Amino acid sequence: MTGLPVRCLQLRHTYRMHGEALVALDGIDLELEAGTSNAISGPSGSGKSTLVNLLAGLQRPSSGHVFIGEHELSAMTPTALLRIRAERVATAVQNPSRNLLPFGDPIDNIRFAQRGPRSYRRRVDLPDPAGLLGELGLGDLAGVAVDRLSGGERQRVALAVAMANHPAVLIADEPTSQLDSANRDRVADILRLITTRFGTTVVAVTHDPQVAEALDRTIRLRDGRIVEDSAA
Ligand SMILES: Nc1ncnc2c1ncn2[C@@H]1O[C@H](COP(=O)(O)OP(=O)(O)O)[C@@H](O)[C@H]1O
Ligand SMILES: [Mg+2]
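Residues numbered from 1 in each chain as written. Chains lettered and ligands numbered in written order. Predicted model: local features only at pLDDT ≥ 70, side-chain atom pairs only at ≥ 80, totals over all residues. Heavy atoms only, no water.

Caption draft 1: Region of interest: the site of ligand 1. In the vicinity of ligand 1, the contacting residues are Tyr15, Met17, Leu22, Ala24, Pro43, Ser44, Gly45, Ser46, Gly47, Lys48, Ser49 and Thr50. Between ligand 1 and lysine 48 there is a distance of 2.8 Å, counted from an oxygen atom to a side-chain nitrogen or oxygen. At 2.9 Å, a backbone N or O of serine 49 approaches an oxygen atom of ligand 1. Here ligand 1 has 550 Å² of accessible area as a free molecule, and 64% of this is covered by the chains. Those elements that place two or more of their residues in the shell around ligand 1 are β1 (6–17), β2 (20–32) and α1 (48–55). The biggest single contributor to the shell around ligand 1 is α1, with three residues. Taken together, the residues of the shell around ligand 1 break down into five nonpolar, six polar and one charged. (Near = heavy atom within 4 Å. Polar contact = N/O pair within 3.5 Å; in protein donor to acceptor, adjacent residues only side chain to side chain. Areas by Shrake-Rupley, 256 points an atom, 1.4 Å probe, with all protein chains shown as cover. Helix = DSSP H or I, 4+ residues; strand = E, 2+ residues; numbered from the N terminus. Nonpolar A, V, L, I, M, F, W, Y, C, P; charged D, E, K, R; others polar.)

Caption draft 2: Just the sheet that holds strand β9 (residues 217–222), in detail. Spatially, β6-β7-β8-β3-β9-β10 is the arrangement adopted by the six strands of the open sheet, whose pairing is mixed. At either end of the open sheet lies a strand with only one pairing partner, and these are β6 (89–92) and β10 (225–229). With direction set aside, neighbouring strand axes in the sheet form an average angle of 20 degrees. Looking at chain direction, β6 and strand β7 (residues 169–173) are connected through four bridges and run parallel. In the strand pairing of β7, threonine 91 is matched with isoleucine 171. (Pairing = 2+ DSSP bridges. Axes fitted to C-alpha atoms, helices over the stretch in contact; angles between N-to-C directions.)

Caption draft 3: A nonpolar patch on the surface, seen in detail. On the surface, Tyr15, Met17 and Leu22 cluster together to form a nonpolar patch covering roughly 270 Å² of accessible area. Mapped onto the elements of the fold, methionine 17 is located in strand β1. (Patch = residues over 30% accessible without salt bridge, like charges linked within 9 Å, V, L, I, M, F, W, Y side chains within 5 Å. Salt bridge = Lys/Arg side-chain N within 4 Å of Asp/Glu carboxyl O.)

Caption draft 4: Main features of the pairing of β9. Across the two faces of β9 the burial differs, with Arg217, Ile219 and Leu221 buried and Thr218, Arg220 and Arg222 not buried at all. In terms of strand pairing, strand β3 (residues 37–41) meets β9 through four bridges, oriented parallel. Bridging across to β9, asparagine 38 finds its partner in arginine 217. Bridge count for β9 against β10 is four bridges, and the pairing is antiparallel. (Buried < 20%, exposed > 50% of the residue type's maximum accessible area, 1.4 Å probe, protein only.)

Here you go:
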């Protein structure tokens, strides 16, 4: 269970709106190293969500290539994409509640997330849910129904659920945007812990300079292009 590098080559994405073409990504070349934490920042509308959705295989690019390790997402059949999504690439969306089943507790949510890979292989080595929560410092929340957790607790649990299958890559779109600064720092700590403890490659969209600062590398977008890269 180690991370995989994430690569994109000449990535372009265009949306069609009322017959007009809107260029959301305009030629992105990027290589993220395995087992590192990476922030994607930039103003609203700069293409951050489009980029991470393409990296996660949630959308197909208009042109260009996306690789997770040796797997080219942009060239996969829908079935192969579903499988790599279930086994290797995890996502957490912006609204923490939408990542979780509200009537279950964190353990139920992790078990539910583990059904995906089990449907592909009968015997898979998946982490024990209570152990996983403990490793991420969330052991105290194990038995509490999600609808009784605070927003910050939900977002941290959502990241634990995203780790249910020990993914090679974890992609989170604005995981701290609805949180106060104390909870924001706890989420940033978990993102870092996920790389150091599990070797997972983390890609997190954030507007927050403190979160970006806590991660290994920051890539800044504007108008669908990379305008700054702390590793460059
Ligand atoms: N589904 C969509 N249909 C049409 N235009 C979209 C769609 N999603 C995003 N866009 C447009 O693409 C550009 C980039 O959006 P997005 O990737 O959501 O940026 P960010 O996450 O940085 O705010 C924006 O101009 C946005 O309006
Ligand atoms: Mg966005």
